[in-house]
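Letter by letter, the chains look like this.
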Amino acid sequence: IVNDLVGAFIIFFRDLLSNSFFPVLEPAIGVGSAFEGWSRHEEDRIYCLLVPLKPRPGHAFHPELSDAGVGPARNFRIRVEAVCTCTDEQLAENMLCFLHHPEEELRRDQEPSLLDTLCTGSYLDVHKTARWFHQLVKEAWALAALSSQCRLTLLPSSRSCKLQVTKNTKTLNIEIMFGVRQGFSDVFLSSQSRADIFTPSTMWPESYAVAEAEFFRYMAMDVPRNSCHLKCLQVCARILVGNAFSTSTLKTVVMHLLTILPVSCWRRRHLLPRLQDIMRYLRRCVEDRRLDHYFFANGNVPNEVVLPIALRTAEPLNLFQHLAQDPDAQAEALRELMELQDR
């Protein structure tokens, strides 16, 4: 239902914007626990999707590394450049060149450049992009056949489009994020930000959400039918409530184990031994003060998950670097781990 709804939005938007210079909206990609199949509870399930953005003719996107970020995510800005279209005969017949036609003629005879709509300075602005997409959803919903059967509520969000679709007593919670693909890989520069740090409106953190979703799609084809790997993640997500360890940490552990242990070890009857393996692996990581990010310099990543060469050849990235720097933090992590094992 979510895929059909958001897919219909994207088709409508692409037709509506075909003569504009707003970014091209590509088909949405479902990411996160709801699409990967291990959500904790149906009632608090959020369906997250990422909509890739591509530049229109006359524009180019140039990602620029801003800083290394905090933890695994690097932060980028996306510089938007106007490019010459004079030499492209097909384009030259249908559009004016933003570089070589007079500004007065451009203002009079052509839709505004992307630089004049969704950018701050020369950089693509997340907040402006989210507001623009919100407005598109409002326009589309007013014309949608579903609007007579369901209620749409747009929720406040500066870096994504959050909405609730309600029919009778059933509510779907949906979050639509935006991203620019790194080359031809499954790694994106995403509008999503970390909740614990301030992210400027022109900052696009590197996101591995699509790569993770592709990993779980691949594993679903490889593991035995009725595999327990998603049930393991579901159990982990439930016991983590109120604990300092994050779902992303346990998810990283499970991803490592899925490519270390034979797939035959993940049958339904192996649920308890695999949960014990997860706890043992996590304990060893805490004691060694090292948990490697799954996608950095990991030769076990399936080839079906397309990564930038820079990630495949990078130095391993330690997600537990803070434990290596702070003995008190390690002691607290061991205490939290004992509590998890009891649960």
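Computed from a prediction, not measured in an experiment: that's the story for all the values here.

Quick word on the side chain of His134
In step 1: Mapped onto the secondary structure, His134 falls in helix α5 (residues 126–143).
In step 2: Residue classification places His134 among the buried positions, given a relative accessible area of 13%.

What about the pattern of salt bridges?
In step 1: Under the defined criterion, the tally for this structure stands at 14 salt bridges.
In step 2: Across the pair Arg217 and Glu214 runs a salt bridge whose closest N-O atoms are separated by 3.0 Å. Taken together, the residues Arg217 and Glu214, both in helix α6 (residues 209–222) and three residues apart, mark about one turn of the helix.
In step 3: Members of the salt-bridge network, linked through shared partners, are Glu332, Arg335, Glu336, Glu339 and Arg343.

So, the packing of helix α7 (residues 229–239) against helix α9 (residues 271–288)
In step 1: As a packed pair, α7 and α9 sit with axes 10 Å apart at the nearest point and diverge in direction by 55°. In terms of their interaxial angle, α7 and α9 are classed as oblique. α9 is crossed by α7, and the crossing has right-handed handedness. Residue-level contacts link Lys231, Cys232, Val235, Cys236 and Ile239 of α7 to Leu271, Arg274, Leu275, Ile278 and Met279 of α9.
In step 2: In terms of residue class, the contact of α7 with α9 is made up of eight nonpolar, no polar and two charged.

Brief notes about the packing of aromatic side chains
In step 1: The tally for this structure, following the rule as stated, stands at twelve aromatic pairs.
In step 2: When the ring of Phe22 is compared with that of Trp132, the centres are 5.1 Å apart and the planes differ by 15°; the resulting orientation is stacked. Of the two residues, Phe22 is situated in the loop between α1 (2–16) and β1 (24–25) and Trp132 in helix α5; the sequence distance between them amounts to 110 residues. Each of the two residues, Phe22 as well as Trp132, counts as buried.
In step 3: Seen in terms of ring centroids, Phe215 and Phe216 are 5.3 Å apart; in terms of plane orientation they differ by 85°. Their pairing is edge-to-face.
In step 4: Chaining the aromatic ring pairs together yields one cluster made of Phe9, Phe12, Phe13, Phe133, Trp141 and Phe178.
In step 5: Taking NZ or CZ as reference, Arg284 lies 5.1 Å from the ring centre of Tyr281, over its face.

Considerations on unusual backbone geometry
In step 1: In this structure, Asn168 is a non-glycine residue whose phi angle is positive, near 55°.
In step 2: Residue placement: Asn168 occurs in the loop between β9 (161–167) and β10 (170–181).
In step 3: The exposure class of Asn168 is exposed, given its relative accessible area of 72%.

Details of the UniProt feature "domain: Mab-21-like HhH/H2TH-like" (unreviewed entry) in the chain
In step 1: As recorded in UniProt, the sites labelled "domain: Mab-21-like HhH/H2TH-like" (unreviewed entry) are residues 244–300.
In step 2: End-to-end, the C-alpha atoms of residues 244–300 are 28 Å apart, and along that stretch the chain is 56% helix and 0% strand.

Thresholds applied
- Residues numbered from 1 in each chain as written.
- Predicted model: local features only at pLDDT ≥ 70, side-chain atom pairs only at ≥ 80, totals over all residues.
- Heavy atoms only, no water.
- Helix = DSSP H or I, 4+ residues; strand = E, 2+ residues; numbered from the N terminus.
- Buried < 20%, exposed > 50% of the residue type's maximum accessible area, 1.4 Å probe, protein only.
- Salt bridge = Lys/Arg side-chain N within 4 Å of Asp/Glu carboxyl O.
- Axes fitted to C-alpha atoms, helices over the stretch in contact; angles between N-to-C directions.
- Parallel < 35°, antiparallel > 145°, perpendicular 65-115°, else oblique.
- Left-handed = near helix turned anticlockwise from the far one by under 90°.
- Contact = heavy atoms within 4.5 Å.
- Nonpolar A, V, L, I, M, F, W, Y, C, P; charged D, E, K, R; others polar.
- Phe/Tyr/Trp six-rings, centres within 6.5 Å; stacked < 30°, edge-to-face > 60°.
- Lys NZ or Arg CZ within 6 Å of the ring centre and 35° of its normal.
- UniProt positions renumbered as here; feature names shortened; annotations may be inferred.

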